[in-house]
Amino acid sequence: MDVTLLEATEDPERVICTAARNDYSNEFVGDQPFEETMATVDGDSLEEKQETLIGHLLSHGHFGPFEHPQATFAIEGMSRSCMAQLTRHRHVSFDVQSMRYVAFDEVDPDDVRAGEMVVIPPSATDPDWVGRNQRTGSVDEDVVAEREEVFRESVSRSVADYQRLLDLGMAPEDARFVLPIGTKVNVVMSMNVRMLMHVADMRAAADSQWEIRGMTEEVLDLAKEWCPITFEYYEENMKGRKNRLAP
Ligand SMILES: Cc1cc2nc3c(=O)[nH]c(=O)nc-3n(C[C@H](O)[C@H](O)[C@H](O)COP(=O)(O)OP(=O)(O)OC[C@H]3O[C@@H](n4cnc5c(N)ncnc54)[C@H](O)[C@@H]3O)c2cc1C
């Protein structure tokens, strides 16, 4: 899976701070220089003042200002299983690659065995993989070899059957019913900073599945470059805590 930051609000932390200062200001922040808006916040530089204010907002649960900046990510090759988990988040906007208008008729079923078009979970190939299911912890290599063979054979057969149905004139939107839930899909998603922290609360957590957890970590890495004070604070003080941003 590959995650890219497509677009994002410019200078998101200035937006967060301006919105937050608006709440307690007699002046109109819309036509005030940012330095003046931040004048009474502790700190020697503007950067330090932003750190002070953002830390204060996050530690006091004042999350509203984090709803203003928004980011759009493009994700390549997540499984439809992972997509079903991700799209449960109702305040994220999605565009999902269509299987009505995109037919995977060119993919070679042998390449599917190798991991093209269908995600191969680590538990299909790694004898030491420890999942949430107790039976997946360290098993015999023979057993894993058979597991891998069954998995690869099954997904490549499904794709071959799907392509045969296309050849027989079946519409892609109906032929896709035989494809596995691990079939890859490309997704574009947009969300604000508050929601991004909520998704991370739920999906970077240890009880989440490896695939969505990995995706969330990639999103967090990009978020840290885009909105550094907020996501560094989040990582150091909030990530992984039991009382999540929204239960
Ligand atoms: C480890 C894990 C296992 C899971 N297993 C299952 C499972 O077996 N079956 C299953 O169905 N789901 C499962 N889920 C999905 C989970 O139950 C949520 O549906 C999903 O994580 C979306 O999160 P959210 O409920 O916080 O809602 P979001 O859509 O992310 O909304 C964010 C917040 O907004 C508020 N909100 C949004 N909509 C409403 C509303 N209509 N009413 C009131 N408040 C609202 C809530 O405070 C919510 O927390 C699992 C999630 C995780 C992380």
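You'll find the structure just up there.
Residues numbered from 1 in each chain as written. Predicted model: local features only at pLDDT ≥ 70, side-chain atom pairs only at ≥ 80, totals over all residues. Heavy atoms only, no water.

Before going further, it helps to examine the packing of aromatic side chains. A full pass over the atoms with the stated rule returns 2 aromatic pairs. Between the aromatic rings of Trp-129 and Trp-210, the centroid separation amounts to 6.5 Å while the plane-to-plane angle is 85 degrees, which identifies the pairing as edge-to-face. Here Trp-210 lies in helix 9 (residues 210-226) and Trp-129 lies in the loop between helix 5 (109-113) and helix 6 (141-167), a separation of 81 residues in the sequence. With relative accessibility at 23%, the residue Trp-129 sits in the partly exposed group. In this structure Trp-210 comes out as partly exposed when scored by relative accessible area, which is 25%. (Phe/Tyr/Trp six-rings, centres within 6.5 Å; stacked < 30°, edge-to-face > 60°. Helix = DSSP H or I, 4+ residues; strand = E, 2+ residues; numbered from the N terminus. Buried < 20%, exposed > 50% of the residue type's maximum accessible area, 1.4 Å probe, protein only.)

What follows is about the side chain of Glu-13. Mapped onto the elements, Glu-13 comes out in helix 1 (residues 12-22). No salt bridge forms around the buried Glu-13; measuring N to O, its nearest opposite-charge neighbour Arg-14 is 11 Å away. A polar contact of 2.9 Å, which involves the side chain of Glu-13, links it to the backbone nitrogen of Ile-229. (Lys, Arg positive; Asp, Glu negative; His and termini not counted. Salt bridge = Lys/Arg side-chain N within 4 Å of Asp/Glu carboxyl O. Polar contact = N/O pair within 3.5 Å; in protein donor to acceptor, adjacent residues only side chain to side chain.)

Counting residues in each nonpolar core, the largest one holds 44 residues, and the members touching the most others are Met-78, Met-189 and Phe-231. For this core, the secondary-structure elements that each account for two or more residues are helix 1, helix 3 (46-59), strand 2 (70-79), helix 4 (80-86), strand 4 (184-192), helix 8 (193-203), helix 9 and helix 10 (228-238). Contact partners of Phe-231, with chain neighbours within four places excluded, come to Val-193, Leu-196, Met-197, Leu-220, Ala-223 and Lys-224. Phe-104, Val-155, Val-159 and Ala-175 belong to the second largest nonpolar core, which has 12 residues in total. (Core = buried A, V, L, I, M, F, W, Y, C linked by side-chain atoms within 4.5 Å. Contact = heavy atoms within 4.5 Å.)

Next up on the list: the pattern of salt bridges. Tallied over the full model, the rule gives 8 salt bridges. Of the charged contacts, one joins Glu-149 and Arg-113 as a salt bridge, the two residues approaching to 2.9 Å between their closest N and O atoms. Here Glu-149 is found in helix 6, whereas its partner Arg-113 is found in helix 5, with 36 residues between them in sequence. By relative accessible area, Glu-149 is classed as partly exposed at 40%. In this structure, Arg-113 and Glu-153 form a salt bridge, with 3.2 Å as the shortest nitrogen-oxygen distance. With a gap of 40 residues between them, Arg-113 in helix 5 and Glu-153 in helix 6 connect regions that are remote in the sequence.

Tracing the backbone through its elements, the reader meets Leu-220 in helix 9. Under the relative-accessibility criterion, Leu-220 is labelled buried at 3%. In contact with Leu-220, other than residues within four places in its own chain, are Leu-196, Ala-200, Ala-204, Phe-231, Tyr-234 and Lys-239.

Now for the packing of helix 9 against helix 10. Packing of helix 9 against helix 10 brings their axes to within 6 Å, and their N-to-C directions diverge by 135 degrees. Relative to helix 10, helix 9 is oriented oblique. In the crossing of helix 9 with helix 10, the sense of the turn from one axis to the other is left-handed. On the side of helix 9, the interface is formed by Leu-220, Ala-223, Lys-224, Glu-225 and Trp-226, while helix 10 contributes Pro-228, Phe-231, Glu-232, Tyr-234 and Glu-235. Residues of the contact of helix 9 with helix 10, tallied by class, amount to 6 nonpolar, no polar and 4 charged. (Axes fitted to C-alpha atoms, helices over the stretch in contact; angles between N-to-C directions. Parallel < 35°, antiparallel > 145°, perpendicular 65-115°, else oblique. Left-handed = near helix turned anticlockwise from the far one by under 90°. Nonpolar A, V, L, I, M, F, W, Y, C, P; charged D, E, K, R; others polar.)

Moving on, we get to the sheet that holds strand 4. The strand order 1-2-4-3 describes an open sheet built from 4 strands, whose pairing is antiparallel. Each end of this open sheet is capped by a strand with a single partner; those strands are strand 1 (2-8) and strand 3 (93-96). The mean angle between the axes of side-by-side strands here comes to 20 degrees, regardless of whether they run parallel or antiparallel. Note: strand 1 against strand 2, 6 bridges, orientation antiparallel. (Pairing = 2+ DSSP bridges.)

For the structure shown, the criterion picks out 0 disulfides. Unpaired in this structure, Cys-17 has its nearest cysteine sulfur neighbour in Cys-227, at a distance of 9.4 Å. According to the relative accessible area criterion, Cys-17 is buried, its value standing at 0%. (Disulfide = S-S within 2.5 Å.)

Right, let's get into helix 8. Residues lying three or four places apart along an α-helix face the same way, a consequence of the helix completing one turn every 3.6 residues. In terms of burial, helix 8 is largely enclosed, as 9 of its 11 residues are buried. Here helix 8 has its buried residues at Val-193, Met-195, Leu-196, Met-197, His-198, Val-199, Ala-200, Asp-201 and Arg-203. In the core, the buried residues of helix 8 are packed alongside helix 3, strand 2, helix 4, strand 4, helix 9 and helix 10. Between a side-chain oxygen at the N-terminus of helix 8 and the backbone nitrogen of Arg-194 the separation is 3.1 Å; the capping residue is Asn-192.

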